[in-house]
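# Overview (structure and organization)
Next come the chains, spelled out residue by residue.
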Amino acid sequence: MKNTFFIILSLFALTSCEKEIDLDLADQSGNIVIEGNVTDQAGPYIVKITKSVGVSQPNQYPAVTGAQVTLTDNAGQTEVLQYIGQGKYQTTNFVGVSGRTYTLNVQAEGKQYTAQSTMPEAVDFEGLSQDSFSFGDEKSYTLLPIFTDPIALGNRYLFSFTINNLTKKYMDVFSDNVNNGLANQRPIILPNDDNDGRDHKVVVGDTIHVEMQSIDTNVFTYYSALLQISNGNGGSVTPANPPSNISNGALGYFSAHTQSEQSFVIQEVTTP
């Protein structure tokens, strides 16, 4: 029986994570996959609905058409999304606001799926600070996201980044469990392995584009599981499905989050 390697893992290169999560190893090829996002930035917002495929199959995820997709929030806002092709359903006038709870309803292929996500308050992403370390003659670079965690415990963050104009996206999740109410001290480690052609080796002059999201606990658990999957078994990928916050057996996630971006050009480091 083929295991399903969930669609998101084909889109992201995943870095380390410190949380252990029970993973579903059963074959779930052919299941509905829902990926939905609402942010505090101007829309439109997209909900993508596809079918999962087995790990041995090509990365071609069949689009689900004819679904009815509705977004609502706890302030009375509601909208039925319009299909725009390739499994994507799009808002027209819906507005994301920090502090509100959002509900996604999907009716597709005779089944109903629901999910909720509460958008946290925005945390100011002030900038990025570069550092480096060496192993022998090889130099690796890090970027420290500059932000101060709020005093209340329970903040969760997703950081993703791309390099130059490359499409490959890397990500990591942070929590305030060990740094609550303080300035962030955890860096993002940039890739330094181009020997097998799978990674870009970051060098002086590269531009790193970093996105910071403040996410809720369920979404943090979802992305933490993706990281665990990618790093299990000595770094090899384990076919498994992260715990979804969507009902009725759907794969995927629904995230209401804040979003901000910073870019940084890697500089030559001189030692006094």
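Up top is the structure.
What comes next is a walk through the structure. (Residues numbered from 1 in each chain as written. Predicted model: local features only at pLDDT ≥ 70, side-chain atom pairs only at ≥ 80, totals over all residues. Heavy atoms only, no water.)

The next thing to look at is the sheet that holds strand S4 (residues 68-73). Reading across the sheet, the 4 strands line up as S5-S4-S8-S9 and stay open at both edges, with antiparallel pairing between neighbours. Edge positions in the sheet fall to strand S5 (78-80) and strand S9 (111-118), since each of these pairs with one other strand and no more. Averaged over all pairs of adjacent strands, the angle between their axes in this sheet comes to 15°, without regard to strand direction. The sheet contact formed by strand S8 (residues 101-108) and S9 spans 8 bridges and is antiparallel. Within the sheet, the bridge partner assigned to Gln107 lies in S9 and is Gln112. (Pairing = 2+ DSSP bridges. Helix = DSSP H or I, 4+ residues; strand = E, 2+ residues; numbered from the N terminus. Axes fitted to C-alpha atoms, helices over the stretch in contact; angles between N-to-C directions.)

Let's shift gears to the nonpolar core. By size, the foremost hydrophobic cluster in this structure holds 24 residues, and its most contacted members are Ile32, Ile34, Val38, Ile49, Val69, Leu104 and Val106. Looking at this core, the elements with two or more residues in it are strand S2 (32-39), strand S3 (46-51), S4, S8, S9 and strand S16 (251-265). Among the elements that line this core, the one with the most residues is S8, at 4 residues. The residues touching Val106, leaving out its near neighbours within four places in the chain, are Ile34, Ile49, Ala67, Gln68, Val69, Lys111, Gln112 and Tyr113. Listed in part, the 20 residues of the second largest apolar core include Tyr141, Phe147, Ile163 and Val202. (Core = buried A, V, L, I, M, F, W, Y, C linked by side-chain atoms within 4.5 Å. Buried < 20%, exposed > 50% of the residue type's maximum accessible area, 1.4 Å probe, protein only. Contact = heavy atoms within 4.5 Å.)

Once that is clear, we can look at the sheet that holds strand S11 (residues 138-146). Strand order in the open sheet formed by 3 strands is S10-S11-S14, with antiparallel pairing between adjacent strands. The strands lining the two open edges of the sheet, one partner per strand, are strand S10 (127-135) and strand S14 (188-189). Direction of pairing for S11 relative to S14: antiparallel, over a ladder of 2 bridges. If you follow Leu143 over to S14, its bridge partner there is Ile188.

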